[in-house]
Every structure is written in structure tokens, then in C-alpha cells.
Amino acid sequence: MEITPLVWGITIASILGLLAFDFFAHVRKAHEPTLREASIWSAFYIGVALLFGLVFIFFGDTAHATEYYAGYITEKALSVDNLFVFLVIISSFNVPRKYQQKVLLFGIVFALIARTAFIFLGAGLIHAWSDVFYIFGIILLLTAGQLLKKELSGEEAQEEADNFVVRAARRWLNTSDDYDGDKLTTRINGRRMLTPMLLVMVAIGGTDILFALDSIPAIYGLTQEPYIVFSATAFSLMGLRQLYFLIDGLLERLVYLSYGLAVILGFIGIKLMLHALHENNLWFINNGENVAVLEISTGLSLLVILGVLTVTVLASLVKSRVSGDAETKKPVPAELPERASEQD
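Residues numbered from 1 in each chain as written. Predicted model: local features only at pLDDT ≥ 70, side-chain atom pairs only at ≥ 80, totals over all residues. Heavy atoms only, no water.

## Things to note about the overall build of the protein chain
When you go through the protein chain residue by residue, the secondary structure sums to 12 helices and 2 strands. Each helix and strand of the protein chain, ordered N terminal to C terminal, gives the series α-α-α-α-α-α-α-β-β-α-α-α-α-α. Buried residues in the protein chain amount to 45% of all 344 residues. Put simply, of all contacts in the protein chain between residues at least 6 apart along the chain, 78% involve residues at least 24 apart. Summing over all exposed atoms, the protein chain offers an accessible surface of approximately 18,300 Å²; the carbon and sulfur share of this is 64%. (Helix = DSSP H or I, 4+ residues; strand = E, 2+ residues; numbered from the N terminus. Buried < 20%, exposed > 50% of the residue type's maximum accessible area, 1.4 Å probe, protein only. Contact = heavy atoms within 4.5 Å. Areas by Shrake-Rupley, 256 points an atom, 1.4 Å probe, with all protein chains shown as cover.)

In C-alpha cells form, the structure reads like this:
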């Protein structure tokens, strides 16, 4: 399938149309989504994303279809992990539940803008300097190590969300103490002030930039086609707002998700390093010549990603169920009988 400017234009217009529909149909009128609403629309956006990959197969382009599905699944898993941090930020700012949709949609739009910028920056770097894959590989291996370190040390999500962007936003933006509906500014005693709603959006937006530093190298480890990178990233973000409300109560049950993501990012990091060695131009490695190494195919990558996520989710659910059963069966200490009063 040839990626023409027309294909780019149709894809971008479709994504913008979905975002506009999401805003006018659901977010413009503040409300708390029901479980049924969140389920239906989460299934809709996931269905659209899966159908999009079939377009490549329809045109006989199975290679790009495999790359798209591998990228989409990886980015979707990373997005779910990002929801943990969104949850902490939204909770720390005490955003009323019926206004959380607007914050999440802003986060999705800003994430799409930030990641699109990184996508084209990454494409430019790859075109100008093929050895940039060494850097991408190192970034992913370090990220995998940080995820493992966080889990093994028991670091809370609250600490992860308390990054310099959040601290700077709290310090430098003059905001009112209370929300004024879902407005970004309000007037108090004749003075125009920012509301906490704007503050939380700044925090979410800044965090999105940090997330993009990990996600874009990850998907470039699966495909070097900017169109596939963009479409897989965009569709992984679509429906994230509904998914937030759908799995709000399940997020804490995915206890092994970070371990699974660490394995996936580490695997892709190794794949990138092998690809960089195969295309090596650095003079201090094999005298600037290509290194004969085994490269990992995208098909195998897709199988590994699916396998790791399946084991991770199943293990998390089993762990949560066992912990829940143990808590339920935990014996309740019997009350001590009252001491009989002494009689004369």
C-alpha cells in the first residue's frame, strides 16, 4: 500500500473528526459517564483501531499491517500505564468527577500533538543519522530498568506524578482555591484568576511530554514508517478517556503491568540495538562496518508483545483474586468478654 499525501490527509481528517465528535457528543456537557457508556465507546474506538489495520491487509500490505498492530498494542499498553499517573494527578487536584472528562480529552489532544512532533523529529533523525537507533535502544533499556526499579523499591505512583512540571505549575501559576465549573479562568473580587482546572491541564500536558520520550522510541523499534507510527499512536490514544472510566476500579488490580511493560520495552530496546549493529556506521564499532547479527522480525515482535501482555494481565488478575480471597477469609479477632463485676 502506497502512503500518499492523500492517505495522510484522509487519516488526519478522520482522527480530527473523531476528536471533534468526542467533544461535542460527550465532553461539552459535563457529566459522569456510566459504566455502560464507557463500555460501549471503549469498544467502539478499539474496534475502529482494529479495523484500520485491516485496510493494509485489504490492499495486500501484510508487512505494514503487522507493524501497525504491533505498534498499536504496544502504545495502548503504555497508555493504560499512563492512566495510573493521570489518576494520581486528577486526584491530587481534587477534580470533580463530572469535569474529569474535559481534563482527559485535553490530555489526549495534547499527547497527540506532542507525540506527533516527536514522530517527525524521530523520522528526521533516522533519515539524517541511522545510528540514532543506538540512542533509541539505550533510552528504552534505561526506561525498562527504571520501571523494574520502581516496582522492586515499592515507589508509589504519587511520587512518579510529582515531577518538575507539576511542581512548577503549582508554584508559578496564580490560581483560585475553588473550581468554577469547568472554566479555565474566573473572576474573584473583580480580579481575573486562573482556576485549578487550568492548573491540572498544565500538569497533564507536561506529563504527556515526558511520556512521549518513551513511547516514540518504542514504536520506532517496530516500524520506521512515520505514517504507521502516527496512525498507531493516534488510535492508541483514541478512546483513552472512556477507558479511564471503564477500568478506573481495575487499574489497581493490574499489579504486574509495569513488569510486563519493562519486559516489552527491554525487548524492543534489544531489537533496536541489533538493528543499529546491522546498519552500523560508527567507526569505533567493527571499523564502521555492518555487524552480522540476527535481527528480530516484526511478526515475532508482535507475538512476544501479545504473549507478555497476556501473561501479565492473567497473572495480575489471579494475584488480585488471591489477595482478595485472603483478605475476605482473614479471621476477625473475637471481642473479649466483659469482665464480670465483683460481688460482695
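Okay, back to it.
## Some remarks on the pattern of salt bridges
Under the criterion given, the structure shown has 2 salt bridges. The partner of Arg241 in a salt bridge is Asp22, with the nearest N and O atoms 2.5 Å apart. Highlighted residues: Arg241 in helix α10 (residues 240–246) and Asp22 in helix α1 (residues 5–27), separated in sequence by 219 residues. The residues Arg241 and Asp22 share a single accessibility class, namely buried. (Salt bridge = Lys/Arg side-chain N within 4 Å of Asp/Glu carboxyl O.)

## Here we look at the packing of helix α3 (residues 62–92) against helix α11 (residues 257–278)
With their axes 11 Å apart at the nearest point, α3 and α11 run at an angle of 140° to one another. On the basis of their axis angle, the class for α3 and α11 is oblique. Read as a crossing pair, α3 and α11 show a hand that is left-handed. Between α3 and α11, the residues in contact are Thr74, Ala77, Leu78, Val80, Asp81 and Phe84 and Leu257, Ser258, Leu261, Ile264, Leu265 and Ile268, respectively. Taken together, the residues of the contact of α3 with α11 break down into 9 nonpolar, 2 polar and 1 charged. (Axes fitted to C-alpha atoms, helices over the stretch in contact; angles between N-to-C directions. Parallel < 35°, antiparallel > 145°, perpendicular 65-115°, else oblique. Left-handed = near helix turned anticlockwise from the far one by under 90°. Nonpolar A, V, L, I, M, F, W, Y, C, P; charged D, E, K, R; others polar.)

## So, the nonpolar core
Counting residues in hydrophobic clusters, the biggest one holds 87 residues, and the most contacted among them are Ile15, Tyr68, Val95, Val200, Tyr220 and Phe235. Counting residues per element, this core draws most heavily on α3, at 15 residues. Other than its neighbours up to four places away in sequence, Val200 contacts Ile89, Phe93, Val95 and Val103. (Core = buried A, V, L, I, M, F, W, Y, C linked by side-chain atoms within 4.5 Å.)

## Focus on the side chain of Ser236
Looking at where Ser236 falls in the secondary structure, it is placed in helix α9 (residues 226–237). For Ser236, the side chain forms a polar contact with the main-chain oxygen of Thr233, separated by 2.7 Å. Leave out the neighbours within four places in its chain, and Ser236 touches Tyr72, Glu75, Lys76 and Ser79. (Polar contact = N/O pair within 3.5 Å; in protein donor to acceptor, adjacent residues only side chain to side chain.)

## Description of the environment of Leu210
With respect to the element layout, Leu210 can be found in helix α8 (residues 196–220). Measuring from C-alpha to C-alpha, the distance between Leu210 and Ala111 comes to 9.8 Å, with 99 residues separating the pair along the chain.

## Comments concerning the packing of aromatic side chains
Evaluated as defined, the whole model comprises 22 aromatic pairs. Considering the side-chain rings of Trp8 and Phe120, the 5.9 Å spacing of their centres and the 35° angle between planes classify their relative orientation as tilted. You can see Trp8 sitting in helix α1 and its partner Phe120 sitting in helix α4 (residues 100–128), a full 112 residues away along the chain. For Trp8, a relative accessible area of 18% corresponds to the buried category. Accessibility expressed as a relative area gives 45% for Phe120, which makes it partly exposed. On the basis of an interplanar angle of 55° and a centroid distance of 6.0 Å, the ring pair of Tyr256 and Tyr259 is categorised as tilted. On the basis of relative accessibility, which here comes to 30%, the residue Tyr256 falls in the partly exposed class. Members of the aromatic cluster, joined through ring pairs, are Trp8, Phe52, Phe56, Tyr68, Tyr69, Tyr72, Phe120, Tyr227, Phe230 and Phe235. (Phe/Tyr/Trp six-rings, centres within 6.5 Å; stacked < 30°, edge-to-face > 60°.)

## Regarding unusual backbone geometry
Of note in this structure, Asn286 is not a glycine but carries a positive phi near 55°. Structurally, the position occupied by Asn286 is in the loop between α11 and α12 (298–329). We note that Asn287 has phi near 55°; this positive angle belongs to a residue other than glycine. Here Asn287 lies in the loop between α11 and α12.

## As for the side chain of Ser42
Relative to the helices and strands, Ser42 resides in helix α2 (residues 35–58). Classification of Ser42 as buried rests on a relative accessible area of 4%. Apart from the residues within four sequence positions on either side, Ser42 is in contact with Gly239, Gln242, Leu243 and Leu246.

## Quick look at the pairing of strand β2 (residues 191–194)
Pairing between strand β1 (residues 185–188) and β2: 4 bridges, direction antiparallel. Each bridged residue has a counterpart across the sheet, and for Ile188 the counterpart in β2 is Arg191. Counting the residues in the hairpin turn of β1 and β2 gives 2 residues, including Asn189, whose phi is positive at 55°. (Pairing = 2+ DSSP bridges.)

## Re α8
The periodicity of an α-helix, 3.6 residues per turn, causes residues three or four positions apart to be oriented the same way. Taking 1.5 Å of rise per residue, 25 residues should cover 36 Å, and α8 covers 36 Å from first to last C-alpha, within 8% of that figure. Approximately 30° is the largest bend angle found in α8, and it occurs at Ala212. (Expected span 1.5 Å × (residues − 1). Bend = angle between axes of the 7 residues up to and from the residue.)

## Section: α9
In a regular helix each residue adds 1.5 Å, so 12 residues correspond to 16 Å; α9 covers 17 Å between its end C-alpha atoms and thus fits that length. Burial analysis of α9 places 12 of its 12 residues in the buried class, which makes it a mostly covered element. Those residues of α9 that sit buried are Pro226, Tyr227, Ile228, Val229, Phe230, Ser231, Ala232, Thr233, Ala234, Phe235, Ser236 and Leu237. As for α9, its buried residues are in contact with α1, α2, α3, α4, α8 and α10. One or two residues past the end of α9 sits Gly239, with phi positive at roughly 85°.

The values are spatial; any link to function lies outside them.
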